[in-house]
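Inside the fold
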Amino acid sequence: MPQAQLQYLTDELNKLREQGLYQKLRVLEGEQLPVARFDGREVINLSSNNYLGLATHPKLKQRALDAIHKLGVGSGAVRTIAGTMSIHMELEDKIARFKHAEASVVFQSGFTANAGTVAAIIGHDDVIVSDELNHASIIDGCRLSKAEIRRFPHKDVEACEKVLKGLAGYKGHKLLITDGVFSMDGDIAPLPDLVRLSEEYGCIMMIDDAHASGVLGRNGRGTVDHFGLHGKVDIQVGTLSKAIGSLGGYICSTRDTIEFLYHRGRPFLFSTSHPPSVAASCLAAFQLLEEEPQLIERLWTNTRFFKAGLIKLGFNTGASETPITPIMVGDAALAHEFSRELFQAGVFAQGIGYPTVPVGKARVRTIVTATHTTDQLSQALEVLERVAKALRILN
Ligand SMILES: *Cc1c(COP(=O)(O)O)cnc(C)c1O
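Residues numbered from 1 in each chain as written. Predicted model: local features only at pLDDT ≥ 70, side-chain atom pairs only at ≥ 80, totals over all residues. Heavy atoms only, no water.

**Looking at the environment of Arg 218**
Along the polypeptide, Arg 218 turns up in the loop between strand 7 (204-208) and helix 9 (223-226). The exposure class of Arg 218 is partly exposed, given its relative accessible area of 49%. Residues Arg 218 and Lys 94, 124 residues apart in the sequence, show an inter-C-alpha distance of 16 Å. For Arg 218, the residues in contact, after removing those within four places along its chain, are His 100, Asp 225 and His 230. (Helix = DSSP H or I, 4+ residues; strand = E, 2+ residues; numbered from the N terminus. Buried < 20%, exposed > 50% of the residue type's maximum accessible area, 1.4 Å probe, protein only. Contact = heavy atoms within 4.5 Å.)

Below, the structure is given as structure tokens:
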């Protein structure tokens, strides 16, 4: 009986229910808009990564439709067999030029780009030096690589240097890896210092710019551009699933590194490439970033407005410096209750607890986009204040 063999999973779920940590999937009915319908309720949407509103942008839709008409709905093979279409190559050229990199390769997602690349370029004789809050896809890549993993406390450059000093004489390759913008805290990596350390200690420097692409730097070129570090970071990762509005992840690096990934990046080798419509909408998105930088300005105007509002109300927004602004709550059950009550009151902001963030650091995470109006953001602030007071999160 499969039921008997799987009973332990039901037990685990029941434990989550008892602890108030059980989470039902919210279902979006319609498009990913700043005010959207989830589970039959119209809410101000502070939970998407659709930073620039490109997921529903008419130009991206049109390009996707054109690609479907001309090229079909699927690629029919993995990249290394028959699934490399000219539109895939066109997108990779576009990304490489946009990021001022020699070459680029697109993976099915940001997750597979990270996990597939780290596992491909690093092996069991090597060592990875990793910020403790790096994204799960980096952590999985590190584990898959079988390398020794040395974590350093979040953004702690001195501690990172201490780890690197302790590796003097180490024979293998050293990978120093960090998120550019941390997805749960919205703070920015100390990239200039990390780059300096990577040069001093002979590391491969790799940065995951999932939340910085389309958000930071000129035209949304990411943290490397934000800090003026072009040519100093060996491997840049970006996602096509957040500000770019569609789906995918990419690696920018030297031509040979990219060609190496063609041969050793397991998700690239063993999982089918994107439908041409995905590549087409991404191409349109990069064009928009170059032609309409005012979208990014709008994102930052909204970010400043909303963050200032939260701080004025007395919320603890942690170390956030970007459109991702957590409201720190501490207890996970309380964070989830806060999120549920907000939803009932018309604001969708996701509650986040362990294991996504450390125990005791649960929060409700807010993300504003370029497409929110000031009115919508003011209304969200009012609801946040009211609900937080009722739950005694605010006095
Ligand atoms: C979202 C995210 C990813 C994964 O990107 P997908 O394209 O959604 O798979 C990777 N790294 C970071 C830091 C992220 O926030």
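**Quick word on the domain arrangement of the protein**
On domain assignment, one finds that the protein holds domain 1 (20-51 + 293-390) and domain 2 (57-291). Taking only C-alpha atoms, the centre of domain 1 and the centre of domain 2 are 27 Å apart. Listed as interface residues are 21 residues of domain 1 and, on the opposing side, 22 residues of domain 2. Between domain 1 and domain 2, roughly 1700 Å² of surface is buried when both sides are summed, and carbon and sulfur atoms account for 61% of that area. (Domains from an automatic or database assignment. Buried area = accessible area lost by both parts, 1.4 Å probe.)

**Things to note about the packing of aromatic side chains**
Two measures describe an aromatic ring pair: the distance that separates the ring centres and the angle between the ring planes. This structure, assessed with the given rule, holds seven aromatic pairs. Geometrically, the ring pair formed by Phe 38 and Phe 348 is edge-to-face, given 4.7 Å between the ring centres and 70° between the ring planes. Taken together, the residues span a long stretch of sequence, with Phe 38 in strand 1 (residues 35-38) and Phe 348 in strand 11 (residues 347-348) at a distance of 310 residues. The exposure class assigned to Phe 348 is buried, which follows from its relative accessible area of 6%. (Phe/Tyr/Trp six-rings, centres within 6.5 Å; stacked < 30°, edge-to-face > 60°.)

**Considerations on the sheet that holds strand 13 (residues 362-367)**
Taking strand neighbours across the sheet as the criterion, the three strands line up as 10-13-12 in an open arrangement whose pairing is antiparallel. Edge positions in the sheet fall to strand 10 (324-330) and strand 12 (350-352), since each of these pairs with one other strand and no more. Here the strands of the sheet are splayed against their neighbours by 30° on average, with no regard to which way each runs. Note that strand 12 and strand 13 share three bridges and pair antiparallel. Residue pairing for strand 13: Gln 350 is matched across the bridge by Arg 365. (Pairing = 2+ DSSP bridges. Axes fitted to C-alpha atoms, helices over the stretch in contact; angles between N-to-C directions.)

**Topic: helix 15 (residues 374-390)**
Side chains that are three or four residues apart share a direction in an α-helix, a result of its 3.6 residues per turn. Between its first and last C-alpha, helix 15 extends 25 Å over 17 residues, near the 24 Å set by a 1.5 Å rise per residue. Downstream of helix 15 by a residue or two, Arg 392 has a phi angle that is positive, lying close to 60°. (Expected span 1.5 Å × (residues − 1).)

**With respect to the packing of helix 5 (residues 110-121) against helix 10 (residues 255-264)**
Packing of helix 5 against helix 10 brings their axes to within 10 Å, and their N-to-C directions diverge by 95°. It follows from the interaxial angle that helix 5 and helix 10 lie roughly perpendicular. When helix 5 is examined against helix 10, the residues Thr 117, Ala 120 and Ile 121 are found in contact with a partner set consisting of Phe 260, Leu 261 and Arg 264. Class assignment for the residues of the contact of helix 5 with helix 10 results in four nonpolar, one polar and one charged. (Parallel < 35°, antiparallel > 145°, perpendicular 65-115°, else oblique. Nonpolar A, V, L, I, M, F, W, Y, C, P; charged D, E, K, R; others polar.)

**Some points on the pairing of strand 7**
The buried count for strand 7 comes to four of five residues, which makes it a mostly enclosed element. Bridging between strand 6 (residues 174-179) and strand 7 involves five bridges; their strand directions are parallel. By the bridge assignment, Thr 178 is partnered in strand 7 with Ile 207. Between the parallel elements strand 6 and strand 7, the chain passes through helix 8 (residues 191-200) in a crossover that is right-handed. As paired elements, strand 7 and strand 8 (residues 235-239) share three bridges and run parallel to each other. Paired with Met 206 across the bridge in strand 8 is Ile 235. (Right-handed = clockwise from strand over helix to strand, strands pointing away.)

**Things to note about the site of the ligand**
Surrounding the ligand, one finds 15 residues, the nearest of these being Gly 110, Asp 208, Thr 239, Ser 241 and Lys 242. A distance of 2.9 Å separates an oxygen atom of the ligand from a polar backbone atom of Phe 111. A distance of 2.9 Å separates an oxygen atom of the ligand from a polar side-chain atom of His 211. Coverage of the ligand by the protein chains reaches 86% of its 380 Å² of free accessible surface. (Near = heavy atom within 4 Å. Polar contact = N/O pair within 3.5 Å; in protein donor to acceptor, adjacent residues only side chain to side chain. Areas by Shrake-Rupley, 256 points an atom, 1.4 Å probe, with all protein chains shown as cover.)

**Some thoughts on the pairing of strand 10**
Regular strands place side chains that alternate from one sheet face to the opposite one. The element strand 10 is extensively covered by neighbouring structure, given that six of its seven residues are classed as buried. For strand 10 and strand 13, the ladder comprises six bridges, and the chain directions are antiparallel. Residue pairing for strand 13: Ile 324 is matched across the bridge by Ile 367.

**Looking at the pattern of salt bridges**
If you walk through the whole model with that rule in mind, you get 18 salt bridges. As a salt-bridge pair, Lys 59 and Glu 292 come within 3.3 Å of each other at their nearest N and O atoms. In this pair, Lys 59 is assigned in helix 3 (residues 58-71) and Glu 292 in the loop between helix 12 (276-291) and helix 13 (294-313), connecting sequence segments 233 residues apart. Residue class for Lys 59 comes out partly exposed when judged on its relative accessible area of 43%. Using a relative accessible area of 22% as the deciding quantity, one classes Glu 292 as partly exposed. Where Glu 92 meets Arg 79, a salt bridge forms, and the shortest distance between an N and an O atom there is 2.8 Å. A residue pair is termed long-range when its members are at least 10 positions apart, and Glu 92 in helix 4 (residues 86-98) and Arg 79 in the loop between helix 3 and helix 4 qualify at 13 residues. Since its relative accessible area comes to 3%, Glu 92 is described here as buried. Exposure remark for Arg 79: the relative accessible area of 8% places this residue in the buried category. Taken together, the salt bridges that share partners define one network made up of Lys 24, Arg 26 and Asp 39. (Salt bridge = Lys/Arg side-chain N within 4 Å of Asp/Glu carboxyl O.)

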